[in-house]
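Residue-level listing of the chains:
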Amino acid sequence: MTQTPATLLAVLRASPPLVQCITNYVAMNIAANVVLAAGASPAMVSDVEEAEEFARIAGALTVNIGTLSPAFVAGMRAAIAGAQAAGRPWVLDPVACQATGYRRDVSAELVRLRPTIIRGNASEVLALAGEASRGQGVDGRDPVAAAEKGARWLAHETGGVVAVTGEVDFVTDGSRAARISGGSPWMPMNTALGCSLTCLCGAYAAVAEDPFDATVAALAHFAVAGQRAHEGATGPGSFAPRFLDALQAVTPEALAGEAVIRAEEPVPA
Ligand SMILES: Nc1ncnc2c1ncn2[C@@H]1O[C@H](COP(=O)(O)OP(=O)(O)O)[C@@H](O)[C@H]1O
Ligand SMILES: Cc1ncsc1CCOP(=O)(O)O
Ligand SMILES: [Mg+2]
């Protein structure tokens, strides 16, 4: 039974999930504030000494390779093992996976561990799917549409959900697909909002029955809040505080009324 974004937001707010976010130095503060504003409970716990134990008590885990290092990788491996042992969902954010051999190798290893959800920009998803990517560092330079085929392939490979974000987001589990419109062009000009969205995907995955519904809900929450914040902003600087306020102000009714989601009929396997 499909759970709508409105239903999932109500569940999330009624019982705020604990989300373990292994993320990069750039994103840690904004991602925690985004998850708090949306209504969930973030914890940026990444060291190998405690990452596995913490993953067993969290509702979901998110893994982001933005500021990669051997210490981060050791914590990621431990946390993923803990999440899998506890049957918890985990989300991969393959930041700039096209940029270096180190990032390519680590993201390929993490994909082989079958993340529940992968969330990236089109250039990152193209690279994960083995296709040419025009990504510039952490910034996407490819249109979302260019990555749709690769996203479907990756979803089949991992048995999970893949979200390609950009001007109009695309989500697939390999057969179902949906596109989410909204947000603001000021969003990619605010560093780490993609990373923050990955953490929010984790929050929704912690409370949802189906990770596809969770991903659609997280992206719809961002799209509606981003649209609202855009209306009062004059640039990325005035957008940022409005966006946090809007994440908190969005209600289940608003998601039902303002989210622009176009579902695609399942593609026969
Ligand atoms: N041109 C745009 N217009 C509206 N929303 C956008 C635009 N570009 C990105 N977004 C939104 O910004 C958020 C971050 O996505 P994105 O920039 O693709 O990730 P990343 O920061 O990882 O590259 C998503 O919610 C996405 O929908
Ligand atoms: C600038 C930067 N450098 C390493 S991680 C990072 C943040 C990337 O954030 P996002 O992928 O959400 O744009
Ligand atoms: Mg990113």
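Residues numbered from 1 in each chain as written. Chains lettered and ligands numbered in written order. Predicted model: local features only at pLDDT ≥ 70, side-chain atom pairs only at ≥ 80, totals over all residues. Heavy atoms only, no water.

By the naming in an unreviewed UniProt entry, the chain is Hydroxyethylthiazole kinase, taken from Seohaeicola nanhaiensis. The heading Function (unreviewed entry) in the UniProt record of the chain holds the text "Catalyzes the phosphorylation of the hydroxyl group of 4-methyl-5-beta-hydroxyethylthiazole (THZ)." Its UniProt record gives the chain the following Pathway (unreviewed entry) comment, quoted word for word: "Cofactor biosynthesis; thiamine diphosphate biosynthesis; 4-methyl-5-(2-phosphoethyl)-thiazole from 5-(2-hydroxyethyl)-4-methylthiazole: step 1/1." (UniProt positions renumbered as here; feature names shortened; annotations may be inferred.)

Engineer: Tell me about the site of ligand 2, residues and numbers included.
Structural biologist: Around ligand 2, the surrounding shell consists of Asn24, Val26, Gly66, Val138, Thr191, Ala192, Leu193, Gly194 and Cys195. Contact between ligand 2 and Leu193: an oxygen atom at 3.5 Å from a main-chain N or O atom of the residue. Interatomic distance of 2.8 Å between a backbone N/O atom of Cys195 and an oxygen atom of ligand 2. In isolation ligand 2 offers 380 Å² of accessible surface; the protein chains occlude 78% of this area. Classifying every residue of the shell around ligand 2 by side-chain character gives five nonpolar, four polar and no charged. (Near = heavy atom within 4 Å. Polar contact = N/O pair within 3.5 Å; in protein donor to acceptor, adjacent residues only side chain to side chain. Areas by Shrake-Rupley, 256 points an atom, 1.4 Å probe, with all protein chains shown as cover. Nonpolar A, V, L, I, M, F, W, Y, C, P; charged D, E, K, R; others polar.)

Engineer: So what's going on with unusual backbone geometry? Residues and values would help.
Structural biologist: The phi dihedral of Ala96 is positive, around 55 degrees, even though this residue is not glycine. The buried category is assigned to Ala96, whose relative accessible area is 4%. Residues other than glycine seldom take positive phi values, yet Ala192 does so here, at roughly 75 degrees. Note on placement: Ala192 falls in the loop between β8 (177-181) and α8 (193-207). A relative accessible area of 9% means that Ala192 is categorised as buried. (Buried < 20%, exposed > 50% of the residue type's maximum accessible area, 1.4 Å probe, protein only. Helix = DSSP H or I, 4+ residues; strand = E, 2+ residues; numbered from the N terminus.)

Engineer: Explain helix α2 (residues 28-38) to me, using residue names and the numbers behind them.
Structural biologist: Taken as a whole, α2 has its buried residues at Ala31, Ala32, Val34, Val35, Ala37 and Ala38. Among the structural elements, α1 (5-14), β2 (41-43), α8, α9 (211-232) and α10 (236-249) are those in contact with the buried residues of α2. Positive phi appears at Gly39, one or two residues downstream of α2, with a value of about 120 degrees. (Contact = heavy atoms within 4.5 Å.)

Engineer: So what's going on with the site of ligand 1? Residues and values would help.
Structural biologist: Looking at ligand 1, there are 16 residues lining it, with Arg119, Asn121, Thr165, Gly166 and Asp169 nearest. The side chain of Asp169 places a nitrogen or oxygen atom 2.7 Å from an oxygen atom of ligand 1. Protein chains shield 83% of the accessible area of ligand 1, which is 540 Å² for the free molecule. Contributions of two or more residues to the shell around ligand 1 are made by β5 (117-121) and α8.

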